[in-house]
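Architecture at a glance
Now for the letters of each chain:
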Amino acid sequence: MQPTTASKRRNMQAVKCRDTKPERFARRELHRAGFRFQLHRRDLPGTPDIVLPRFRLVVWVHGCFWHGHTCAKGQRRPRTNSEFWAEKLDANVRRDRANVDAVTAAGWGARVLWECSLNEDCSSLIQELRQRRVRGAS
Ligand SMILES: [Zn+2]
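Keep in mind the model is a prediction, meaning the values are calculated, not measured.

1. Quick look at the coordination of the zinc ion
Donor atoms from the polypeptide that coordinate the zinc ion comprise Cys 64 (SG), His 69 (ND1), Cys 71 (SG) and Cys 116 (SG), at 2.0 to 2.4 Å from the metal. One can describe the site at the zinc ion as tetrahedral: its four donor atoms subtend angles covering 101 to 117 degrees at the metal. The sequence pattern formed by the donor residues of the zinc ion is C-x4-H-x1-C-x44-C. Taken as a pair, Cys 64 in the loop between strand E3 (57–62) and helix H3 (72–75) and Cys 116 in the loop between strand E4 (109–114) and helix H5 (118–134) lie far apart in primary sequence, 52 residues in all.

2. What about the pattern of salt bridges?
Applying the stated criterion across every chain, the model contains seven salt bridges. When the shortest N-O distance is used, the salt bridge between Asp 43 and Arg 41 registers 2.8 Å. Residue classification places Asp 43 among the exposed residues on the basis of a relative accessible area of 56%. As a salt-bridge pair, Glu 128 and Arg 111 come within 2.8 Å of each other at their nearest N and O atoms. Linking Glu 128 in helix H5 with Arg 111 in strand E4, this pair joins segments that are 17 residues apart in sequence. Arg 111 gets classed as partly exposed once you look at its relative accessible area, which sits at 29%. In the salt-bridge network here, residues are joined through shared partners; they are Arg 111, Glu 128 and Arg 132.

3. Regarding the side chain of Asp 121
Residue position: Asp 121 is located in helix H5. No salt bridge is formed by the buried Asp 121. Its closest oppositely charged neighbour is Arg 111, at 10 Å. A distance of 2.9 Å separates a polar side-chain atom of Asp 121 from the backbone nitrogen of Trp 114.

Here is what the cut-offs are and how they apply
Residues numbered from 1 in each chain as written. Predicted model: local features only at pLDDT ≥ 70, side-chain atom pairs only at ≥ 80, totals over all residues. Heavy atoms only, no water. Donors = N, O, S within 2.8 Å, 3.2 Å for Na, K, Ca; no water. Tetrahedral: all angles 85-135°; square planar, octahedral: opposite > 155°, others 65-115°. Helix = DSSP H or I, 4+ residues; strand = E, 2+ residues; numbered from the N terminus. Salt bridge = Lys/Arg side-chain N within 4 Å of Asp/Glu carboxyl O. Buried < 20%, exposed > 50% of the residue type's maximum accessible area, 1.4 Å probe, protein only. Lys, Arg positive; Asp, Glu negative; His and termini not counted. Polar contact = N/O pair within 3.5 Å; in protein donor to acceptor, adjacent residues only side chain to side chain.

Pasting the structure below:
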């Protein structure tokens, strides 16, 4: 059975939704650590979730399922409507790669924080930013 238009639309919204819980968590952690950032800058490829202009760095917070993480949840593919899902999820992964390439080409750094390892990913990002700040990033 093909997904209905309504369920397709819901899925599209799900993948595009802003201010997800993992994203709010990442923002709170960065803010607590004293870093200032901008959100969803549309002038940058892929409208990155978090932008740290002083570090010329963009950050995406990705849900494992939607963005095809290498973890178990990210590799899971629904059995029903499998073709629809394969196409959709593969397209997400391709788009993510293209966005990273585009921001990199524009001279920005790109980091991805994954839902399944959000704590660790946030910590290592903050550690990296602290080290760069010590070295005098402007
Ligand atoms: Zn994952």
